[in-house]
Amino acid sequence: MTNEVGFGIVPDNALARRYRDLLGWVNARCAAQSDQAYLLVSGLPLTLRGSGAPPKEDC
C-alpha cells in the first residue's frame, strides 16, 4: 500500500517532482505484477484490477 501523490498539484521543486514521478512508476509496476489492485477513496475501495470485492474490516 502506498500513497497516490499524483492526484495533487505539481510540486514547485525538482526533488518533489522526482519523488512524485518515481512513486507513480513504482505504483504502476507493482499493480502490473499484481492479481488485484485497489484504490481507496474516502474509505471505500475501488477495484482497479482483479475481480470481486476486497476483504472488509470491522469498524
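Residues numbered from 1 in each chain as written. Predicted model: local features only at pLDDT ≥ 70, side-chain atom pairs only at ≥ 80, totals over all residues. Heavy atoms only, no water.

1. As for the overall build of the chain
Part 1 of the argument: For the chain, the count of helices and strands is one helix and two strands.
Part 2 of the argument: Taken from the N to the C terminus, the helices and strands of the chain come in the order α-β-β.
Part 3 of the argument: The buried share of the chain, reckoned over its 59 residues, is 7%.
Part 4 of the argument: Partitioning the intrachain contacts of the chain with sequence separation of at least 6 by distance along the chain shows that 8% fall at a separation of at least 24.
Part 5 of the argument: With an accessible surface of roughly 5,300 Å², the chain has 57% of that area assigned to carbon and sulfur atoms. (Helix = DSSP H or I, 4+ residues; strand = E, 2+ residues; numbered from the N terminus. Buried < 20%, exposed > 50% of the residue type's maximum accessible area, 1.4 Å probe, protein only. Contact = heavy atoms within 4.5 Å. Areas by Shrake-Rupley, 256 points an atom, 1.4 Å probe, with all protein chains shown as cover.)

2. A look at the pairing of strand 2 (residues 44–49)
Part 1 of the argument: Here five bridges tie strand 1 (residues 37–41) to strand 2, and the two strands are oriented antiparallel to one another. Residue pairing in the sheet places Leu-39 in a bridge with Leu-46 of strand 2.
Part 2 of the argument: In this antiparallel pair of consecutive strands, strand 1 and strand 2, the connection spans two residues, and Ser-42 shows a positive phi of 55 degrees. (Pairing = 2+ DSSP bridges.)

3. Structural notes on the side chain of Asn-27
Part 1 of the argument: With respect to the helices, strands and loops of the structure, Asn-27 is situated in helix 1 (residues 14–33).
Part 2 of the argument: On the basis of relative accessible area, Asn-27 is assigned to the buried category, the value being 17%.
Part 3 of the argument: Beyond its immediate chain neighbours, meaning those up to four positions away, Asn-27 contacts Thr-2, Asn-3 and Glu-4.

4. Digging into unusual backbone geometry
Part 1 of the argument: Look at Ser-42: it is not a glycine, yet its phi comes out positive at around 55 degrees.
Part 2 of the argument: By relative accessible area, Ser-42 is classed as exposed at 75%.

5. Notes on a nonpolar patch on the surface
Part 1 of the argument: Together, Leu-22, Trp-25 and Val-26 line one region of the surface with nonpolar side chains, adding up to about 280 Å² of accessible area.
Part 2 of the argument: Structurally, the position occupied by Val-26 is in helix 1. (Patch = residues over 30% accessible without salt bridge, like charges linked within 9 Å, V, L, I, M, F, W, Y side chains within 5 Å. Salt bridge = Lys/Arg side-chain N within 4 Å of Asp/Glu carboxyl O.)

6. Some points on helix 1
At 3.6 residues per turn, the α-helix brings residues three or four places apart onto the same side.
Part 1 of the argument: Taking 1.5 Å as the rise per residue, helix 1 with 20 residues should run 28 Å; its terminal C-alpha atoms sit 29 Å apart, in good agreement.
Part 2 of the argument: The distance from a side-chain oxygen at the start of helix 1 to the backbone nitrogen of Leu-15 is 3.3 Å, and the residue carrying that oxygen is Asn-13. (Expected span 1.5 Å × (residues − 1). Polar contact = N/O pair within 3.5 Å; in protein donor to acceptor, adjacent residues only side chain to side chain.)

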